[in-house]
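Listed below, chain by chain, are the residues.
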Amino acid sequence: MIFDKHNFFGLLLYLLSFNPAFSITYSSHHYSVENGLPSSEVYTVFKDSKGFIWFCTDRGVARYNGADFEIFNKKNGLLDNVVFYAMEDESGRIWFATYSGQIFYYNEGKIQPYAFNEKIKAEFGLILIESFYVDKAQTVYISRHGFGLIKIDKQGQITLKSDRTTNSIYLIENKVIKVINERIGSSTKSLTFNLKNGSKSILEIPNLVLINSNKSYWKSIIKGIHQEGALTTFSIWNKLYSFDGSKIEFLKEFDERILAINKLKGKYYIGLANGGLVVMNSQKPFQILTKYFNDYSICDIFYDRKYDGFWFSTLENGVYYISNFDHFSYTKNDGLQTNNLTSINGSDDVVLIGGLNGTLSVLNLKNNRISKVDIKSNKTAINKIIYDQYKNRFIIFKYNSFIYNQGKLTSLFDYSQPFILPYGKDSLITLFNNKEIPIKQKAFRDLHIKDLSEYGVLNNTIHYIRTTDAIQTADNRILIGSQLGIYELINRNLNKLYPENELLNSRVKKLANYDKKTILLATKGNGLVFFSDSSIYNIDAKKGLLSNDINALAVDENRDIWLGSSNGLNIIQTSGEIITITEREGLISNEINDIYVGKNKAYIATKKGLTVLDKRVIKKKLYDVPVYFKNVKLQDTTYYKLDTVISIGYNEPLIDISFIGIDLQHAKDIVYKYKLNADSKEWTYTKRSNLLFPDLASGTYSIELYASTNGINWSSKPALLKISVLFPFWETVSFKLIVGLTILICLVLLYYYLLRKVKNTEAIKRQIQSLKIEALNAQMNPHFIFNSLNSIQSFIINNDRKASNKYLSMFAQLMRKTLANSQEPTISLQKELDLIKIYLELENLRFNNQIETIIEKEPSIHATNVLIPTLLIQPLIENAIWHGIRPKNEKGKICIRIKKVEKYLFLFIEDNGIGILKSMEKSRLNHESKGTKLLTNRIELFAGFYHMQHDFKVKNATDKEGTIVEIKIPFIEK
């Protein structure tokens, strides 16, 4: 939102002195939309406690870190892009006041609206905020014209310091509220509130009309308040006033409205609407010293004490930054004949400046006036200017050479590119590069240089080297720099010095005496070389220089060494400290071609003009580079609040940690070093402003981060960040405890289970052994044995030896197999079937083959491999004969069927006897079959041993007779 906005053409930062004799130019940096600002209309410049610069514009707020702009607008939480003011509270929150009267604050990476915006709007409507302040208790003070001072406490309670009819304007600055009453009359009052102690003071201002009552220019009527100790400077419209706590004094009236005020080093800096910047002295009589940024509206002036520079916001063309008002420059606009300067030299009175186009300008140091010297020659560059201290004159070299003395220019040589070195009081040494030049003393006299008594020529012949510079040492040696290194002129011959030394074999651009023993060589590639008979060493970019290619060299009276390169200026002090000066610190260009250093000032010849540096204010500035973590980005979350431990899941694929080091002058040179844990001795260096950790191992990390612009001086306070990458649940202590406890419980249960199983197994074994004995007893029941012996006796009595022998043999075989099988808990199905066959043959011998037996088995069942409980089938066959077939007194039939179904073996024993029902009736009358009971127990034990099912069924085959026994046991193979 621009007030009285006008178009303006021209971007040059130009200072015009009101002394018409000369003008100068200040080196500045311009920030516009092209550089990242959201708008060219900038109202306020503000610097927070971290070092960020904030710009309030009509299209949002921009935060600048020295390299990049971060924009905040409606997309980031603002409801109004027109932001007039910014301030920081004691907790570090940045507050903004907008055109719509709403207040917002920035905290932890986000813009948040003030909680009571709607309440203020409901109470007072839409009113422009003049100024505001937020104290430690989060009480907000708002100055709104027409409503006086509004106070809102933390709970939203609103208090008015004056009623709605007041015409007072409240200005809040440095925790002090200035109340200026605008009433027209013979007496006007001013009231001051001190937020620190709550004190008030009232001041009578007699006969002061502050504003025309017929106008309503409430906005920017009282503007540009500046507080300096007890003195407050403020403006009302176009008039400047001061207030010392007891009286108000009128200072000066301007043609344009005053928008901004600052005071520094005895000068007022005043920003005017469409009138640019005015600098005037702060003591009476008030005089305007300089004026520039003509026709721009300077809305705010901010002085950055850390960098000793000024920020100027304009309503038309963005922001300008001037690093130092003690340094200035001359350009073609200020009187130079060209901006591309190639050589320079000077004396106590004048400085001669040579240009690429062959022009020569003279700066008079007494009146700072630049004059032009007419060189009637070709436009080849002036490549060197030598000051002859013996004659107080200058020798100028281009295609030909001249002598400049007290404003007069005299031709010296017309030969191609000679080099001349003053040698003693009355001598010159000449060097020619391109061809043989016979030189005689008469030739010098013809050129009106009658006082030369000696001269030197290199054997009157050409030497195929390109000479670049030459000096006379303290012990009168002549050293010559060339494209091949350094030479010494001895008896009119050039001798190469130390040809084996690499430092002395690079191209020499400049030579200078440092002390009685040491020579300085400005080289291409090796930086600055220190050369003496005892040592040869260099200082290069690795040791702090801007470049290894040095274009210019000078040594001042303090033995400080001045080096110019295409990257700027270095000053090597006798203490060893290296000072760097670039465009950011006041150079008009970093591309330096030559340097002349006088008593209090240094003159730097660049490709864009001449910069004059005040040596008295130059000092090494070791800026602390504060460094902060910005955020931690995960796959689905971004953390801005970083003062607590950040917990991160173990399966996070990538952790992105962003940070920033703030150096407004050398942001591009910032380098960082960090380590993941405080106890680590290894530092990792990077120029990136973020760290990426893919698949970071689980654990707790205390990241320590420093920043530096030179790799030597690091942040005084590190940035610290603690993150905890959680362990997988299976690696956590709680999980391990649970697992350990579970394993322990399982081991205990397993122990008791195995113990119980062993006990059960032993019990089963004992039970099986008991059952074996009982089964054996059952099988060999007395009736069977008695009847068998009777049968054998009958065969013997009847003299049937054959039958008796057979029966006796089979009986013995049955007894042997029965005893053998009874020793094992299980036998193969085949052994059981073999035993049954013998038993049935014995029974048929006794009953004259009255029993027919059928055995059916599935082919897939291999009887020799299948295991069954011992003595499983035989007792059932015995029951079928004795309890089913014998009572019927008919020929009997027994069928045994064997089959496999899934994991089980099924046995079916079927007879055609009287049936189970009749048999059970007789058993109740006679005796109970112990064999059947034992058999059932053994089947149950067998199935239980393998933890499988079992079944035992006995039923009638038909309604009247016959019995079927069905056995289901686990199918077990060897």
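What counts and what doesn't
- Residues numbered from 1 in each chain as written.
- Predicted model: local features only at pLDDT ≥ 70, side-chain atom pairs only at ≥ 80, totals over all residues.
- Heavy atoms only, no water.
- Helix = DSSP H or I, 4+ residues; strand = E, 2+ residues; numbered from the N terminus.
- Buried < 20%, exposed > 50% of the residue type's maximum accessible area, 1.4 Å probe, protein only.
- Arc of directions from axis to C-beta.
- Expected span 1.5 Å × (residues − 1).
- Pairing = 2+ DSSP bridges.
- Axes fitted to C-alpha atoms, helices over the stretch in contact; angles between N-to-C directions.
- Parallel < 35°, antiparallel > 145°, perpendicular 65-115°, else oblique.
- Left-handed = near helix turned anticlockwise from the far one by under 90°.
- Contact = heavy atoms within 4.5 Å.
- Nonpolar A, V, L, I, M, F, W, Y, C, P; charged D, E, K, R; others polar.
- Salt bridge = Lys/Arg side-chain N within 4 Å of Asp/Glu carboxyl O.
- Phe/Tyr/Trp six-rings, centres within 6.5 Å; stacked < 30°, edge-to-face > 60°.
- Core = buried A, V, L, I, M, F, W, Y, C linked by side-chain atoms within 4.5 Å.
- Domains from an automatic or database assignment.

Colleague: What is the right way to read the overall build of the chain from this model?
Modeller: Helix and strand counts for the chain stand at nine helices and 72 strands. The buried share of the chain, reckoned over its 974 residues, is 51%.

Colleague: Would you explain helix α1 (residues 117-124) in this entry?
Modeller: An α-helix turns once per 3.6 residues; consequently, residues spaced three or four apart project the same way. Of the residues making up α1, those classed as buried are Asn 117, Ile 120 and Phe 124. Here the buried residues of α1 occupy an arc of 65° about the axis, which is enough to place them on one side. Exposed residues on α1 whose side chains face more than 90 degrees from its buried face are Glu 118 and Ala 122. Residue Gly 125 follows α1 closely and has a positive phi angle near 75°.

Colleague: It is not clear to me how helix α6 (residues 829-846) should be interpreted in this structure. Could you clarify?
Modeller: Counted at 1.5 Å a residue, the expected span for α6 with its 18 residues is 26 Å, and the 26 Å between its end C-alpha atoms agrees. For α6, the complete set of buried residues consists of Leu 829, Glu 832, Leu 833, Leu 835, Ile 836, Ile 838, Tyr 839, Leu 840, Leu 842, Glu 843, Asn 844 and Arg 846.

Colleague: Honestly, the sheet that holds strand β46 (residues 519-524) in this entry has me stumped. Any pointers?
Modeller: Strands pair in a sheet through their backbones, by hydrogen bonds, and they do so in one of two ways: parallel or antiparallel. Ordered in space as β45-β46-β47-β48, the four strands form an open sheet in which the pairing is antiparallel. Strand pairing shows two members of the sheet lacking a second neighbour, β45 (507-513) and β48 (536-539), which therefore form its edges. The average angle at which neighbouring strand axes cross in this sheet is 25°, direction not considered. Examined bridge by bridge, strand β47 (residues 528-531) and β48 share four bridges and lie antiparallel to one another.

Colleague: Sorry if this is basic, but what is going on with the sheet that holds strand β4 (residues 53-57) here?
Modeller: Read across the open sheet, the four strands follow the order β3-β4-β5-β6; overall the sheet is antiparallel. Lying at the two open borders of the sheet, with one neighbouring strand each, are β3 (42-47) and β6 (69-72). Each strand axis lies, on average, 20° off the axis of its neighbour in the sheet, ignoring direction. Here strand β5 (residues 60-64) pairs with β6 via four bridges, running antiparallel. Counted as the bridge partner of Arg 63 is Glu 70 from β6.

Colleague: Please explain the environment of Ile 579 as it appears in this structure.
Modeller: Position of Ile 579 relative to the elements: it lies in strand β52 (residues 578-581). Under the relative-accessibility criterion, Ile 579 is labelled buried at 5%. Considering only alpha carbons, one finds Ile 579 and Lys 620, 41 residues apart in sequence, at a separation of 5.2 Å.

Colleague: Can you walk me through the packing of helix α5 (residues 801-821) against α6 in this structure?
Modeller: Packed helix pairs are specified by the crossing angle of their axes together with the interaxial distance, meaning the distance between the axes. Their axes nearest at 10 Å, the elements α5 and α6 cross at an angle of 150°. One way to sum up the angle between α5 and α6 is to call them roughly antiparallel. When the axes of α5 and α6 are compared, the crossing they make is left-handed. Mapping the contact onto sequence places Lys 806, Tyr 807, Met 810, Phe 811, Gln 813, Leu 814, Lys 817, Thr 818 and Asn 821 in α5 and Lys 831, Leu 835, Ile 838, Tyr 839, Glu 841, Leu 842, Leu 845 and Arg 846 in α6. When the residues that make up the contact of α5 with α6 are grouped by side-chain class, the tally is nine nonpolar, three polar and five charged.

Colleague: Help me out: how do you make sense of the pattern of salt bridges in this one?
Modeller: Throughout the structure, instances matching the rule amount to 21 salt bridges. A salt bridge links Asp 469 to Lys 384, with the nearest nitrogen and oxygen atoms 3.3 Å apart. Linking Asp 469 in strand β41 (residues 467-472) with Lys 384 in strand β35 (residues 384-388), this pair joins segments that are 85 residues apart in sequence. Asp 469 sits in the buried class, given a relative accessible area of 4%. A relative accessible area of 14% places Lys 384 in the buried class. Salt-bridge contacts for Glu 890 lead to Lys 888; the nearest nitrogen and oxygen are separated by 3.6 Å. Here the salt bridges do not stand alone but share partners, grouping Glu 108, Lys 641 and Asp 643 into one network.

Colleague: Even after reading the chapter, I still don't get the packing of α6 against helix α7 (residues 874-885), so can you show me in this structure?
Modeller: Remark: α6 packs on α7, axes separated minimally by 10 Å, with the N-to-C direction vectors making an angle of 25°. One way to sum up the angle between α6 and α7 is to call them roughly parallel. The handedness of the crossing between α6 and α7 is right-handed. Taken together, the residues of α7 that come into contact with α6 (itself represented by Glu 832, Ile 836, Tyr 839, Leu 840, Glu 843 and Arg 846) are Gln 874, Ile 877, Glu 878, Ile 881 and Trp 882. Class assignment for the residues of the contact of α6 with α7 results in six nonpolar, one polar and four charged.

Colleague: Just checking my understanding: could you explain the packing of aromatic side chains for this structure?
Modeller: In total, this model carries 50 aromatic pairs according to the counting rule given. When the centroid spacing of 6.4 Å and the interplanar angle of 55° are considered together, the rings of Phe 394 and Tyr 404 count as tilted. With a gap of 10 residues between them, Phe 394 in strand β36 (residues 393-397) and Tyr 404 in strand β37 (residues 401-405) connect regions that are remote in the sequence. Like Phe 394, the residue Tyr 404 is buried in the burial classification.

Colleague: How should the nonpolar core be read in this particular structure?
Modeller: Phe 55, Trp 311 and Ile 657 are the most contacted members of the largest nonpolar core, which has 56 residues in total. Two domains each donate at least three residues to this core, and these are domain 1 (220-322) and domain 2 (627-731). Those residues within four positions of Phe 55 in sequence are excluded, and the remaining contacts are Leu 37, Val 42, Thr 44, Val 45, Gly 60, Val 61, Ala 62, Tyr 64, Phe 69, Trp 311 and Val 319. Core analysis: the next-biggest nonpolar cluster, separate from the first, contains 44 residues, Ile 792, Ile 851, Leu 876 and Phe 942 among them.

Colleague: Any chance you could explain the pairing of strand β43 (residues 485-490) here in plain terms?
Modeller: The two faces of a sheet get side chains in turn, since along a regular strand they alternate between them. Burial within β43 is extensive, with five of its six residues counted as buried. Pairing analysis gives five bridges linking strand β42 (residues 478-482) to β43, with the strands arranged antiparallel. Counterpart to Ser 482 in the pairing with β43 is Gly 485. A loop of two residues connects β42 with β43, the two strands running antiparallel in sequence. Across four bridges, the pairing between β43 and strand β44 (residues 493-496) is antiparallel. Counterpart to Glu 488 in the pairing with β44 is Asn 495.

Colleague: Help me out: how do you make sense of the environment of Glu 841 in this one?
Modeller: One can find Glu 841 in helix α6. For Glu 841, a relative accessible area of 45% gives the class partly exposed. Linking Glu 841 and Ile 851, residues 10 residues apart in sequence, is a C-alpha distance of 9.0 Å.

Everything listed here is a matter of coordinates, which is why it stays silent on function.
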